[in-house]
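# Tertiary structure, described
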2 protein chains.
Amino acid sequence: MVDVQPVSEAGRFPAKSTVGEVFPVRATVFREGHDAYAAEAVLVRPDGTEASRVRMQEVGIGLDHYEAMVQADTVGEWTFRVESWSDPWGTWVHDAGIKIPAGIDTALMCAEGAVVLERAAGRRGMDPPDRDARAVLRAGIRTLADDDVAPTDRFRALMSGPVPAVMVRYPLRDRRTLSPDYPLRVERPLALAGAWYEMFPRSAGAHVDPKTGQWVSGTLRTAAEELPRIAGMGFDIVYLTPVHPIGTTFRKGRNNTLEAKPGDPGSPYAIGSPDGGHDAIEPSLGTFEDFDYFVARARELGLEVALDLALQCSPDHPWVKDHPQWFAHRADGTIAYAENPPKKYQDIYPLYFDADPKGLRSEIRRVLDVWISHGVTAFRVDNPHTKPLPFWQKLLADLHTDHPDVLFLSEAFTRPAMMLTLAKCGFHQSYTYFSWRNTKHELYEYLTTVGSDQAAWMRPSFWPTTHDILTPYMQHGGVGAFAVRAVLAALGAPTWGIYSGYELVENVPRPGFEEQIDNEKYEFRPRDWSEGDKFGIALLLGRLNQIRRAHPALRQLRNVRMHSTDNDHLVCFSRHLAPEHSATGMRDVVITVVNIDPWNTQEGWVHLDLQSLGLPVDRGLTVIDELTGDSHEWWTDNFVRLAPESTCAHVMTVSAP
Amino acid sequence: MVDVQPVSEAGRFPAKSTVGEVFPVRATVFREGHDAYAAEAVLVRPDGTEASRVRMQEVGIGLDHYEAMVQADTVGEWTFRVESWSDPWGTWVHDAGIKIPAGIDTALMCAEGAVVLERAAGRRGMDPPDRDARAVLRAGIRTLADDDVAPTDRFRALMSGPVPAVMVRYPLRDRRTLSPDYPLRVERPLALAGAWYEMFPRSAGAHVDPKTGQWVSGTLRTAAEELPRIAGMGFDIVYLTPVHPIGTTFRKGRNNTLEAKPGDPGSPYAIGSPDGGHDAIEPSLGTFEDFDYFVARARELGLEVALDLALQCSPDHPWVKDHPQWFAHRADGTIAYAENPPKKYQDIYPLYFDADPKGLRSEIRRVLDVWISHGVTAFRVDNPHTKPLPFWQKLLADLHTDHPDVLFLSEAFTRPAMMLTLAKCGFHQSYTYFSWRNTKHELYEYLTTVGSDQAAWMRPSFWPTTHDILTPYMQHGGVGAFAVRAVLAALGAPTWGIYSGYELVENVPRPGFEEQIDNEKYEFRPRDWSEGDKFGIALLLGRLNQIRRAHPALRQLRNVRMHSTDNDHLVCFSRHLAPEHSATGMRDVVITVVNIDPWNTQEGWVHLDLQSLGLPVDRGLTVIDELTGDSHEWWTDNFVRLAPESTCAHVMTVSAP
């Protein structure tokens with residue numbers, strides 16, 4: 001047995017799953033000669049007890065690849081292994097099934113069968129047959145030994161009776177071979193599946209004071225007024241950009257200009273001022289009491305609160321004076337600001353982890369504990385790939401021990417190896433390349449990739465936009481683009497996220513950049529929700545979250561399947577949860593078809609691989625479009641016609657056992 | 001750093017190489033932030049000393065994949081590892097190269113450079129700079145500190161002087177990260193590259209006695225008369241099918257008939273009679289004295305001797321009586337003969353390894369020692385995939401310790417995972433699917449496959465035919481097929497083999513089977529060499545072996561490169577050895593073009609990837625066709641016209657530095 005999966009670097013990085021997640025255990029299993037053999041995937045609970053043992057099935061042809069779909073049911077540090085064994089019953093059934101009908105060694109084969117059943121009935125040790133099973137086996141032995149009956153009839157009688165089922169339930173496992181035990185970390189469901197909503201708290205409620213003509217910041221209290229609207233759209237997590245004091249030295253002005261004008265609030269990512277650093281709250285936002293109010297209000301509405309963790313400092317951060325060893329110094333003795341030569345970012349001092357890694361890590365841990373003690377249950381981590389991997393590995397391991405429920409989302413838009421290794425080092429979720437995967441070909445390839453082998457470590461979070469990202473597709477695709485990308489994000493991955501203002505189709509870029517003009521990183525941006533949902537996008541977001549909640553198949557990652565269409569603007573994929581993996585015991589199937597052309601109606605044939613969804617191929621299926629409530633009869637091949645904007649997709653659920 | 005290769009199952013199976021073999025060490029290497037970093041592949045000798053340290057180069061784009069081509073120079077149990085480190089010199093060169101010309105921080109950058117050079121000059125520990133290097137670095141520091149010169153000119157002066165070369169030779173390795181040490185077994189060159197010739201010794205010299213009308217077996221002495229002819233064709237190893245006493249119970253007759261007629265000699269694979277078993281010699285072949293004579297004669301001619309190891313018994317084998325526990329018994333107490341239901345092979349008892357694995361293994365080890373003590377240096381192992389892998393793993397590990405020079409060739413025509421794992425368990429070489437890869441598409445795919453990742457464990461042996469294999473291509477392709485497949489086998493893999501009679505284009509199958517009619521497995525088959533080389537095949541075999549000996553690139557495995565052609569009957573591939581890996585310090589390039597249509601002349605364009613061969617693309621190259629001696633001028637695109645049979649190929653070598 002070789003190539004057991006999911007295993008990374010011989011178990012150095014535990015494979016990951018979440019409670020209820022369905023995932024494959026795989027191995028290449030083979031043996032000498034022609035005898036039958038079997039393989040099982042075994043899941044072992046944190047307390048060392050065996051949770052499940054699932055017979056693996058051969059997949060593909062001729063490569064000895066075996067697979068079982070398994071599920072863990074509690075949070076904790078599990079292990080798994082693969083066991084393979086010689087299957088004397090399978091060997092006998094195969095040989096007798098050929099030889100007895102052919103009249104070869106018929107009596108001898110019956111005698112050989114009786115020997116196998118004797119061994120099975122008398123077995124002690126692991127998983128021994130119970131009294132009823134033993135009785136069945138003894139009766140089977142008598143059947144095979146009955147010299148008054150022709151061997152052909154004895155064999156037929158045995159195989160049509162209860163013995164085969166008993167032998168599957170209580171197999172004879174000869175020459176059992178065990179793989180090593182490999183680590184499997186099981187986390188809470190929100191680590192895999194959830195809907196995030198990002199906001200800048202200072203924008204909500206910000207206004208110009210008519211007396212002074214000056215901007216007045218929104219506060220955590222005014223931001224809390226947004227929460228019912230966000231919860232009403234069905235989001236699970238509200239994520240706040242940094243709430244800490246903002247530096248004034250080299251403060252950036254509106255639209256990333258180098259010099260702030262009086263009254264410009266600065267970027268919340270330039271953290272630290274005489275008012276404090278990462279453990280403090282920007283005074284214009286309020287106090288810890290206000291923060292606690294915000295968290296409590298969110299909790300009442302069923303929302304968890306995530307905070308940005310941007311490990312960098314403004315030159316005014318208290319650490320700069322108190323802990324100069326946490327910053328790099330140049331040959332002239334000055335502290336090194338951020339650079340990407342020839343570009344300079346003088347408003348930001350990166351942290352330097354090499355001089356005092358332990359001291360810095362312990363301070364960051366202290367900062368995290370402050371926010372966790374105030375009810376924060378998730379952190380969106382800014383640019384983790386610019387900090388050393390061992391730092392994350394140690395920090396996240398410690399946090400995992402003390403606060404296993406606190407989630408970390410990695411904002412590493414960088415090369416694949418780094419993104420994957422951050423996930424392996426303990427990040428629960430990762431931003432992805434989704435925003436830049438827009439064509440049919442790209443989407444087919446990418447949805448498959450994120451749901452395949454790497455899914456045992458890297459859980460994707462799909463965001464159509466963020467405060468840093470406004471892709472050309474979003475800039476130019478109008479309302480249609482915002483509808484299309486919402487559907488793809490919400491149903492294309494179990495975790496998705498929306499940046500505030502998406503409802504208003506904010507799609508004007510700063511010229512020459514793929515981010516919004518008048519970006520609220522550098523200014524207040526209050527939004528007027530009083531005009532209602534004029535584009536229908538808020539309604540769509542809410543409906544998508546509703547469908548996600550109703551359909552557990554959508555909260556799985558590794559069950560995505562792409563279906564072919566004959567129009568390059570039509571993308572079709574499904575998610576499927578088999579009855580044996582579903583809490584209700586019901587099969588759950590969701591088939592999504594999206595017209596990715598944001599401007600035009602598109603039509604064409606969609607060809608469903610119904611067999612892979614466990615659905616019958618020989619009759620029509622009643623499907624319900626969860627976006628419209630309409631019901632249709634669908635077959636393997638279906639003609640689809642989708643207009644742009646709010647009617648850009650079918651989200652079909654299937655009523656089938 | 002992750003995914004270090006070649007590593008199998010975390011080092012459970014050592015990677016393999018041979019003395020002088022060029023092979024890649026690979027890893028995915030990355031770090032946080034933008035600073036420069038480097039990676040090195042380090043080879044460590046069996047005595048623990050560092051043999052070589054090669055800087056890895058990034059391959060591909062954006063995936064952080066690094067590779068170095070390395071070579072070990074002695075037999076033994078080596079290790080290798082990958083080291084990566086932060087490269088402050090590289091970082092400074094990058095930043096200064098942008099900032100100084102742009103007029104940013106120019107004096108500061110010079111000062112920063114001086115700090116790097118100071119550190120380099122003062123370095124102790126691993127690989128410290130020698131006195132000359134230190135002097136160069138000190139001069140560089142003075143250059144950077146010379147306030148009388150503009151920073152731009154200081155930088156230019158430094159970079160055009162000797163400092164950059166010194167910094168490559170004596171790098172500053174900051175924050176060195178070491179992979180684990182992984183095992184690497186280095187074996188003798190014949191484990192990778194050699195030419196085998198298979199013969200049934202009893203056929204050579206067999207004749208009908210005119211007095212009795214009965215066949216008289218050839219002997220080891222008459223077989224030895226073939227050796228000068230075999231050595232003359234340039235083969236390295238003569239491989240004898242089993243020489244042991246042959247059983248009479250259920251002896252097979254000619255053409256695999258169930259009942260032997262009087263005088264039928266039986267299959268040499270039905271081993272064992274009252275005359276002895278695997279440690280004995282069939283009396284009609286001679287004695288151990290004759291065997292020693294055969295080996296000595298082979299040695300004189302520069303040939304090694306390989307013996308067949310077929311671990312199965314005739315019912316008459318001495319083990320059957322003396323060690324019944326080494327055979328499986330059926331429910332009626334009889335010994336189980338070989339079966340593939342409903343087929344029976346009653347002349348063969350397979351060995352049963354589970355009852356007394358240690359006793360059986362020690363007996364087989366004793367048998368091997370007998371033959372090794374009589375000068376056998378290689379074994380061709382019949383059907384190893386029908387015996388347990390742990391048996392091979394233990395047996396071959398013991399032999400490797402005591403007789404590291406003795407080679408084992410695995411005859412496992414079975415599924416890929418088993419073939420590869422047998423190689424990992426210690427077989428030096430493996431028969432392959434080559435015989436069934438005949439079309440251009442198949443050959444392009446297969447030559448690439450055997451030279452890629454699996455090549456660190458499984459060394460392919462290419463055989464156009466064997467006594468068991470005569471594919472349809474060989475049956476129907478006439479003399480042309482025998483020429484084509486000889487060229488492909490000899491140049492397509494570093495080890496190839498020819499089954500006696502190939503010279504005579506023996507291509508008539510037993511009807512309905514892919515093996516020869518009147519197969520010498522079941523009868524004597526003396527061959528008449530007196531008619532000379534009427535098909536030109538013997539000449540071709542000899543010429544191919546001559547070219548293989550003259551060109552070390554052909555004795556490498558992982559250097560194959562396929563080149564495109566615009567005719568589906570023209571196959572083009574090259575092997576290339578770079579000057580730094582060649583014993584002579586000369587580049588060695590062999591480009592082979594084969595017309596795989598055995599009947600017709602084919603012509604078309606061949607497009608060479610000259611850059612990958614280290615050859616200039618901007619001028620004509622003088623190439624010499626080693627089959628004809630003709631010289632040509634070749635470019636990237638060359639028009640080729642090849643007739644079938646003896647002129648079916650160009651084997652071009654290139655005169656280039």
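An account of the accompanying structure is given in this report. (Residues numbered from 1 in each chain as written. Chains lettered and ligands numbered in written order. Predicted model: local features only at pLDDT ≥ 70, side-chain atom pairs only at ≥ 80, totals over all residues. Heavy atoms only, no water.)

### Focus on the relation of the copies chain A and chain B
For the pair chain A and chain B, the superposition axis carries a translation of 0.1 Å, the fit reaches an RMSD of 0.1 Å, and the rotation angle comes to 180°. Both copies of the chain, as the preceding transformation shows, are related through a two-fold rotation axis. Among all residues of chain A, the one whose C-alpha sits closest to the rotation axis is alanine 10 of chain A, at a distance of 2.8 Å. In this assembly, 100% of the residues forming the interface of chain A have copies in chain B that are likewise at the interface, indicating an isologous arrangement. (Least-squares fit on C-alpha atoms with pLDDT ≥ 70 in both. Contact = heavy atoms within 4.5 Å.)

### Side note on the side chain of aspartate 105 of chain A
Note that aspartate 105 of chain A resides in the loop between helix 1 (88–99) and helix 2 (106–121). Within the structure, aspartate 105 of chain A has its side chain in polar contact with the side chain of lysine 99 of chain A (distance 3.1 Å). Contact partners of aspartate 105 of chain A, with chain neighbours within four places excluded, come to Lys99 of chain A together with Arg330, Tyr337, Glu339 and Lys344 of chain B. (Helix = DSSP H or I, 4+ residues; strand = E, 2+ residues; numbered from the N terminus. Polar contact = N/O pair within 3.5 Å; in protein donor to acceptor, adjacent residues only side chain to side chain.)

### Description of the pattern of salt bridges
Enumeration over the complete set of coordinates arrives at 110 salt bridges over all chains. When the shortest N-O distance is used, the salt bridge between arginine 330 of chain B and aspartate 105 of chain A registers 3.2 Å. Of this pair, arginine 330 of chain B sits in the loop between helix 9 (318–322) and strand 17 (338–340) while aspartate 105 of chain A sits in the loop between helix 1 and helix 2, which puts the two residues in different chains. Linking aspartate 279 of chain B and arginine 366 of chain B is a salt bridge whose minimum nitrogen-to-oxygen distance equals 2.8 Å. Of this pair, aspartate 279 of chain B sits in the loop between strand 14 (237–240) and helix 8 (288–300) while arginine 366 of chain B sits in helix 10 (residues 357–373); the two residues are 87 residues apart in sequence, bridging distant segments of the chain. Looking at arginine 366 of chain B, the relative accessible area reads 37%, which means it is partly exposed. Counted as one network, the salt bridges with shared partners bring together Glu40, Glu50, Arg53, Arg81, Glu83, Asp127, Arg169, Arg173, Arg176 and Asp181 of chain A. (Salt bridge = Lys/Arg side-chain N within 4 Å of Asp/Glu carboxyl O. Buried < 20%, exposed > 50% of the residue type's maximum accessible area, 1.4 Å probe, protein only.)

### Topic: the packing of helix 1 (residues 88–99) of chain B against helix 4 (residues 151–160) of chain B
Residues and elements named next belong to chain B. The geometry of helix 1 relative to helix 4 is characterised by a closest axis approach of 12 Å and an angle of 135° between their N-to-C directions. When the interaxial angle is binned, helix 1 and helix 4 end up oblique. The chirality of how helix 1 crosses helix 4 is left-handed. Taken together, the residues of helix 4 that come into contact with helix 1 (itself represented by Trp89, Trp92, Val93, Ala96 and Gly97) are Phe155, Leu158 and Met159. In terms of residue class, the contact of helix 1 with helix 4 is made up of seven nonpolar, one polar and no charged. (Axes fitted to C-alpha atoms, helices over the stretch in contact; angles between N-to-C directions. Parallel < 35°, antiparallel > 145°, perpendicular 65-115°, else oblique. Left-handed = near helix turned anticlockwise from the far one by under 90°. Nonpolar A, V, L, I, M, F, W, Y, C, P; charged D, E, K, R; others polar.)

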